[in-house]
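# Inside the fold
In case you want the letters, here they are:
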Number of protein chains: 2
Amino acid sequence: MSERLADEIVEIIRTENLEPGDQLASSRDLARRFEVTTPTIREALRRLEATGAVEFRHGSGTYVGAGIDRRLLANPHRPSTSPAAVLELVEARLVLEPSIAAAAARTRDADGLRQLEDSVTNALHPPRGDQRPAVHFHAALAATTGNTLLRETVEALLHVRVREQIEIRHRYDDRERDHAEHVRILDAVRAGDAALAQRLTEEHLVSIREAVRA
Amino acid sequence: MSERLADEIVEIIRTENLEPGDQLASSRDLARRFEVTTPTIREALRRLEATGAVEFRHGSGTYVGAGIDRRLLANPHRPSTSPAAVLELVEARLVLEPSIAAAAARTRDADGLRQLEDSVTNALHPPRGDQRPAVHFHAALAATTGNTLLRETVEALLHVRVREQIEIRHRYDDRERDHAEHVRILDAVRAGDAALAQRLTEEHLVSIREAVRA
């Protein structure tokens, strides 16, 4: 019931062409529209909140969330962590991301390439007063394939261990080296050299794995 | 509030060592325990239902769901489909799965290899009276890496377009050929031949892509 209701609310969002940040009708209005109680509507909205399809703003209402078009998600209530789990994540990335880099070099989607260049530049010199959220280099690399499922896969993986990623950054704190490696990968992608992009991404992740193991 | 409450319910499931299929305390008991109202508990439970961490059984109660330990999910309210989206999924799998096959051949995790053998055998000769759910060949292949995040990634991707996968199966209905290709991949993984496993998986997915494009 709540699942079908949630699907129907998503359907309203789509047919009314609402975008992330747009406000939804109130729970009371939705309850009237679907002829159910307000608590039932709120249960359905909480389901949608779990996947980022909607978000609540205290005292203001319900808004379309950034996750509305997302197909792959990190579980928001993911299992607690262990050092082995962090290593497993790096190992998974090591299997997946070199091929993604190769695909990026073959496709070089224009929007993705621009994001990739931005993310490399911003890492050392964050633009001041710029409202755009920083795009993670590895997510931008996946976006350069032009395949949004690949971008979502990398984003979901990075999100799985968001707190541990922060810890990895602390341990792997050679930002100059990180930046230099990103620049080389970007150059290989820009040049359309799939084999080189693949190899450089592999080497980059191997050095991250060494930092995690240390 | 509902998000923190959902996290705390997950915490209870973990500290009490509840497993998928085990029953949770009633909403009323949980409400008393957390000193909130029953509708507030139900909102939190609906959040958890969205990610498969719990499931409701009508007239029976709330149970721990199969998704409790899952870190990567397919969005249950995913965007509606288009032929381009199905092709995008196959393209994404073509980038990711050959490397996964190579990693499987290098690791050959014993449990995974057994599942892989089962899934190949069951495809043509489903065991009668067996209660075990059939494991998808491509998910079992990822499991053979021993990395559960890789298995979850493939499972989430296969789940993204579960209806379309059924349609693909109809179009790509040469089960004998499908089975023969799976057997060859299994043999390469079993022999520890990473390069061959990678190439055969790529060829297998290319032929699926041709079927999708047709």
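Described below are features of the structure shown in this document. Keep in mind that what you see is a predicted model, and the values were worked out from it rather than measured.

With an axial shift of 0.0 Å and an RMSD of 0.1 Å, the rotation relating chain A to chain B amounts to 180°. A rotation of that kind, with that shift, is consistent with a two-fold axis. When the interface residues of chain A are mapped onto chain B, 100% of them are again interface residues, pointing to one common binding face.

Moving on: the packing of helix 1 (residues 2–15) of chain B against helix 3 (residues 38–50) of chain B. Residue and element names in this part refer to chain B. At a closest axis distance of 8 Å, the pairing of helix 1 and helix 3 adopts a crossing angle of 70°. One way to sum up the angle between helix 1 and helix 3 is to call them roughly perpendicular. Counting all contacts with helix 1, which are made through Ser2, Glu3, Leu5, Ala6, Ile9 and Val10, the residues of helix 3 involved are Thr40, Ile41, Glu43, Ala44, Leu45, Arg47 and Leu48. Of the residues in the contact of helix 1 with helix 3, the class split is eight nonpolar, two polar and three charged.

Taken together, the contact between chain A and chain B spans 47 residues of the former and 47 residues of the latter. Ranking the residues of chain A by area buried against chain B places Arg47(A), Arg71(A) and His77(A) at the top, with a combined share of 18%. Summed over the shared surface of chain A and chain B, the number is eight salt bridges. Close ionic contact of Arg46(A) with Glu43(B) constitutes a salt bridge, the shortest N to O distance being 2.6 Å. Of all the secondary structure elements, the ones that give two or more residues to the side of chain A that touches chain B are helix 1 (2–15), helix 3 (38–50), strand 3 (72–74), helix 4 (83–107) and helix 7 (148–160) of chain A.

All chains considered together, the criterion is met by 45 salt bridges over all chains. Across the pair Glu49(A) and Arg46(A) runs a salt bridge, and its minimum N-O distance is 2.8 Å. One end of the pair, Glu49(A), and the other, Arg46(A), are both in helix 3, three residues apart, so they sit about a helical turn from each other. Note that Asp187(A) and Arg190(A) form a salt bridge whose closest N and O atoms lie 3.1 Å from each other. Taken together, the residues span about one helical turn, with Asp187(A) and Arg190(A) both in helix 9 (residues 175–190) at a distance of three residues. On the basis of relative accessibility, which here comes to 38%, the residue Asp187(A) falls in the partly exposed class. Connected through salt bridges with shared partners, the residues Arg42(A), Arg46(A), Glu49(A), Glu43(B) and Arg47(B) form a single ionic network.

This paragraph deals with the packing of aromatic side chains. Evaluation of the coordinates by the stated rule reveals zero aromatic pairs over all chains. Stacked on the ring of Tyr63(B), the Lys or Arg Arg57(B) has its end atom at 3.8 Å from the ring centre.

Glancing now at the pairing of strand 2 (residues 61–64) of chain A. Residues and elements named next belong to chain A. Bridge analysis of strand 1 (residues 54–57) against strand 2 gives four bridges, and the strand direction is antiparallel. When the sheet's bridge partners are listed, Phe56 is paired in strand 2 with Thr62. Here strand 1 folds back onto strand 2 in antiparallel fashion, the turn holding three residues, of which Gly59 has a positive phi close to 70°.

What counts and what doesn't
- Residues numbered from 1 in each chain as written.
- Chains lettered and ligands numbered in written order.
- Predicted model: local features only at pLDDT ≥ 70, side-chain atom pairs only at ≥ 80, totals over all residues.
- Heavy atoms only, no water.
- Least-squares fit on C-alpha atoms with pLDDT ≥ 70 in both.
- Contact = heavy atoms within 4.5 Å.
- Axes fitted to C-alpha atoms, helices over the stretch in contact; angles between N-to-C directions.
- Helix = DSSP H or I, 4+ residues; strand = E, 2+ residues; numbered from the N terminus.
- Parallel < 35°, antiparallel > 145°, perpendicular 65-115°, else oblique.
- Nonpolar A, V, L, I, M, F, W, Y, C, P; charged D, E, K, R; others polar.
- Buried area = accessible area lost by both parts, 1.4 Å probe.
- Salt bridge = Lys/Arg side-chain N within 4 Å of Asp/Glu carboxyl O.
- Buried < 20%, exposed > 50% of the residue type's maximum accessible area, 1.4 Å probe, protein only.
- Phe/Tyr/Trp six-rings, centres within 6.5 Å; stacked < 30°, edge-to-face > 60°.
- Lys NZ or Arg CZ within 6 Å of the ring centre and 35° of its normal.
- Pairing = 2+ DSSP bridges.

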